[in-house]
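# Breakdown of the fold
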Protein chains: 2
Amino acid sequence: MTAFLDALRAQLGDAGLLAGGDLSAYEGDWRKRYAGKALGVARPASTEEVAAVMRLCHAHRVPVVPQGGNTGLVGGSTPDDSGSQLVLSLSRMKRVRGIDAANASLTAEAGCVLAEVQAAAAQAGMLFPLSLAAEGSCTLGGNLATNAGGTQVLRYGNARELCLGLEVVTATGEVWQGLSGLRKDNTGYDLRDLFIGSEGTLGIITAATMKLYPSPKERLTALAACASMDDAVRLLGLARERAGDALTGFEVMNRAALALVARELPQLAQPLPGAEWTALLELSDAESAEHAHAVFEGLLEAGVERGCVQDAAIAQNIQQAKAFWHLRESIPLAQAQAGLNIKHDISLPVSAISGFVAEMDAALAAYLPGIEVIDFGHLGDGNLHYNVQAPAGVPAAEFLAAHEAAINELVYDAVQQRGGSISAEHGIGRLKREELSRRKDPTALALMRSIKRALDPLDLLNPGRLV
Amino acid sequence: MTAFLDALRAQLGDAGLLAGGDLSAYEGDWRKRYAGKALGVARPASTEEVAAVMRLCHAHRVPVVPQGGNTGLVGGSTPDDSGSQLVLSLSRMKRVRGIDAANASLTAEAGCVLAEVQAAAAQAGMLFPLSLAAEGSCTLGGNLATNAGGTQVLRYGNARELCLGLEVVTATGEVWQGLSGLRKDNTGYDLRDLFIGSEGTLGIITAATMKLYPSPKERLTALAACASMDDAVRLLGLARERAGDALTGFEVMNRAALALVARELPQLAQPLPGAEWTALLELSDAESAEHAHAVFEGLLEAGVERGCVQDAAIAQNIQQAKAFWHLRESIPLAQAQAGLNIKHDISLPVSAISGFVAEMDAALAAYLPGIEVIDFGHLGDGNLHYNVQAPAGVPAAEFLAAHEAAINELVYDAVQQRGGSISAEHGIGRLKREELSRRKDPTALALMRSIKRALDPLDLLNPGRLV
């Protein structure tokens, strides 16, 4: 491997290759579930350098683990503990290459931090809507490699739907120049969407052209108390009907989730305490603040009239709106403070959610009395973070050791029966690879494996992940 | 081949196999550019029967040409003249399998005619927005295989963006059960989008789950006269800014296009005669008729104030709105009546359109004085049908024979220089396969070919098309 590292250093210079020193920042994930050992960390500064790295890796048969902001949740972007895998960090490729305002598009390199892409769009007077908790450190390349979701999917779609074109380096170090600002292009297979969501196993995304949107004139946030998940689903239908595409967010939190926040983060105000379910609605209005208020008030009144809203609070200013969102986003933090739990990132057809929640809550209570379900997520997309916590007094580690496998089985069986997904937005990585191979349609698995063999016959791109 | 046809008949019954008689309806395309000879026409009635056909074709090495409504424009769905290719017609698989209103989704078989899918959605009180001129005979499977565009792409996207899940039969006769009503699912490679737009070369789409939308409360149509393409692009930007997602259509027609309609179809009223460019705008309002009118009037007034609109007419009722759309949709008919022409289905970044049109109009006038450019299309998506007609008095056939190749070269060179596409919505088929292999990024072509080999190693699925 010395010959390989020497060749790599000759290609990238000292700034472009870390080897020998402390590489721990690149070797472990931030949740500390995976700790690996890297052969080295390549930090190419250009697409040509990425291609050169891949050509060397191909010649020397060195496996590559692409890494963006390393904020993933499934062990997809850190090396295993063999010491034989090269981390390919895109962190030096962080240029916004251009903004075409008339075409409502932006081209940026893979290592751009998501918040910086948002800021570049805002500077041009436009909106780049992808938004998620890690936006201060996750990168555009990682967002695309994992088809990131977040809080604006209901209106704007996942990372996939926001992407117009890609630049990709293949396993053999060729460059596919697929950057494009086109909305319509039927000239062959959809390579773009094949690379998006492939978790670095088919190629290295080095740059992307993304859609921009007009900034809304006004953005309003409200909380609504609902008596049941069924009522929350009815409110979602009503909001879609009345607000159309102005509805840019629809989140839910169950009582246990907000009770946990009250316990762990008592400084946070809770405008609708004790609600069985709390919905967070966001409206983005293209017209005016007055129009936005009128639509929101009409919607919530209609919700009360139809009996699916018990109480509601519209944020009166930006600070209050932020506080509403902060309440929602604090749930994972409150959970982390409360100790380990069993996380599920599931999606279901919206029509199946209410039945799933009722049945699964009951099944878990029967399985282990006192068990606590912290249930929250993006109801508008059918995506729930359905997390399960130990009964009061039971140590979390003991609970996980004894029950994690059985509870996963209960939850995933019910999800699968209803046509749902075991990974809505977090991806597969190492964490869910076994589960996927057990549960995914066998023809789909065979197709995926034959595509992987076709594009990466030596299995050098993020081996052991996803497929 | 007798053994193969006997085995096929045993599997499908007499209703399921046409062979020997007059098969011309399946052998030629409706534009009469391609006339082929089929080995036979298989008409399976279920997914299992499609799988059985593919297993037999695989065993006997028989190439398959999948066919939906056979309304394509690029020779993708009819057999060559060898008499060795089996047409696989999906026309008997036309069941709407179900509508899930709460999940805003519909599942239908590939042979469903598009207008019937629209009608099924409307019966459930919802909107299925895919809409194109051939909707009375094209099928959902064909729409997906070609990633159809149409008039509502600006707001709702191409067929790809409307699809949630697929059921597909592979080259070896396996069934991928990928029907799904999920908005978020990150469990592996995006097989769905790989099959969409692959023109039957990777697998047979047998059914799909599609997105539905709330029906708008009001739909309004207007025509606006613009002095230049530049003004039309400015009006588009203004419309997006003021109407947001309520803007569901933005078409343009140049003066020559409407003059041709006036000549060939004089019975059609022309509300804004003599305009250099005429834009057709459609607004779909989630709120009310009053709100829609207010937005539209404000928008057109702003257009006049900013100098990008010279005159405008808002349709006063549904009949008038239909007449406005009919004017736009009559251009191809007027062209057909006027004789052969050189068609281009191009797309460009919206920011590049005005420059392209000015340069190319001038280049063509210089190339052959008197040449006529019939230019119209979906400006909102950057998609122009930039068609070139013989100078007055020059016979069309003579014009095409002498100039088609040179004019294609002029147009496609300019499109490529500006990052555009030589096939925005019609696909590649047989018509543009050579052109594609000359103009597409070589790495993309290599990737496409390796995917084709991986999924269809015997080259039985629509051979000679696309790749």
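Residues numbered from 1 in each chain as written. Chains lettered and ligands numbered in written order. Predicted model: local features only at pLDDT ≥ 70, side-chain atom pairs only at ≥ 80, totals over all residues. Heavy atoms only, no water.

Here is the rule: UniProt positions are given in the numbering used here, feature names are shortened, and annotations may be inferred rather than shown by experiment.
In the annotation of an unreviewed UniProt entry, the entry for chain A reads FAD/FMN-containing dehydrogenase, and the organism field reads Pelomonas aquatica. Comment text from UniProt for chain A, heading Sequence similarities (unreviewed entry), reads "Belongs to the FAD-binding oxidoreductase/transferase type 4 family."

## Topic: the overall build of chain A
Our working definition: Secondary structure elements follow DSSP: runs of H or I no shorter than four residues count as helices, runs of E no shorter than two count as strands, and numbering proceeds from the N terminus. With the radius of gyration taken over C-alpha atoms, the globule rule is written as 2.2 Å times the number of residues to the power 0.38. Exposure categories follow from relative accessible area, calculated using a 1.4 Å probe and restricted to protein chains: below 20% of the type maximum is buried, above 50% is exposed, and the middle band is partly exposed. Per-residue and other accessible areas follow the Shrake-Rupley method at a 1.4 Å probe size, with only the shown protein chains counted as cover for residues. All tallies of charge rest on Lys and Arg as positive and Asp and Glu as negative; His and the ends of each chain are not included. To locate a charge, the coordinates of NZ of Lys, CZ of Arg, CG of Asp or CD of Glu are taken.
Tallying secondary structure elements over chain A gives 17 helices and 18 strands in all. Over its C-alpha trace chain A gives a radius of gyration of 23 Å, about what one expects of a compact globule, namely 23 Å for 467 residues. Overall, the C-alpha framework of chain A stretches about 70 × 55 × 45 Å when taken along its three principal axes. The buried share of chain A, taken over its 467 residues, is 59%. Per element, the accessible surface of chain A, about 16700 Å² overall, is 52% carbon and sulfur. Where the 40 positive side-chain charges of chain A centre and where its 53 negative ones centre are 5 Å apart.

## Brief notes about the domain arrangement of chain A
All names here are of chain A. Rules: Boundary definitions for the domains trace back to an automatic or database domain assignment. Any two residues whose heavy atoms approach within 4.5 Å are treated as being in contact. When a carboxyl oxygen of Asp or Glu is within 4 Å of a side-chain nitrogen of Lys or Arg, the pair counts as a salt bridge. By the criterion applied in these results, polar contacts are pairs of N or O atoms within 3.5 Å in which, for protein atoms, one can donate a hydrogen and the other can accept it, and in which residues neighboring in sequence qualify only through two side-chain atoms. Polarity classes work like this: nonpolar for Ala, Val, Leu, Ile, Met, Phe, Trp, Tyr, Cys and Pro, charged for Asp, Glu, Lys and Arg, and polar for all others, with Gly in that last group.
We note that the domain assignment places domain 1 (2-89), domain 2 (96-214), domain 3 (218-332) and domain 4 (339-439) within chain A. The gap between the C-alpha centroids of domain 2 and domain 3 is 29 Å. The partner domain 3 presents 11 residues to the 6 residues of domain 2 that form the contact. Viewed at the interface, domain 3 and domain 2 are joined by 0 salt bridges. If you look at where domain 2 meets domain 3, you find 1 residue pair in polar contact (both at pLDDT 80 or more). Per-element accounting of the side of domain 2 that touches domain 3 gives the leading share, 3 residues, to helix α6 (residues 153-156). Among the residues making up the side of domain 2 that touches domain 3, the classes are represented as 3 nonpolar, 2 polar and 1 charged.

## Quick look at the sheet that holds strand β18 (residues 383-389) of chain A
Two orientations exist for strands paired in a sheet by backbone hydrogen bonds: parallel and antiparallel. All names here are of chain A. The condition that has to hold: By the convention used here, strands pair only if DSSP detects at least 2 bridges between them. Lines fitted to C-alpha atoms define the axes, with helix axes restricted to the stretch in contact, and inter-axis angles between N-to-C directions lie between 0 and 180 degrees.
The sheet built from 7 strands is open, its strands ordered β15-β12-β14-β13-β17-β18-β16 with antiparallel pairing. With partners counted over all chains shown, the strands left at the sheet margins are β15 (311-314) and β16 (345-347), one partner each. This sheet shows a mean twist of 20° between the axes of neighbouring strands, independent of strand direction. Against the sheet, helix α13 (residues 331-338) touches β13 (247-254), β17 (372-378) and β18, its axis set at about 155° to β17. Contacting β16 and β18, helix α15 (residues 396-417) runs over the sheet at an angle of about 150° to β18.

## Side note on the UniProt feature "domain: FAD-binding PCMH-type" (unreviewed entry) in chain A
Annotation from UniProt places "domain: FAD-binding PCMH-type" (unreviewed entry) at residues 34-215 of chain A. As a span, residues 34-215 of chain A carries 24% helix and 26% strand, and end to end its C-alpha atoms are 39 Å apart.

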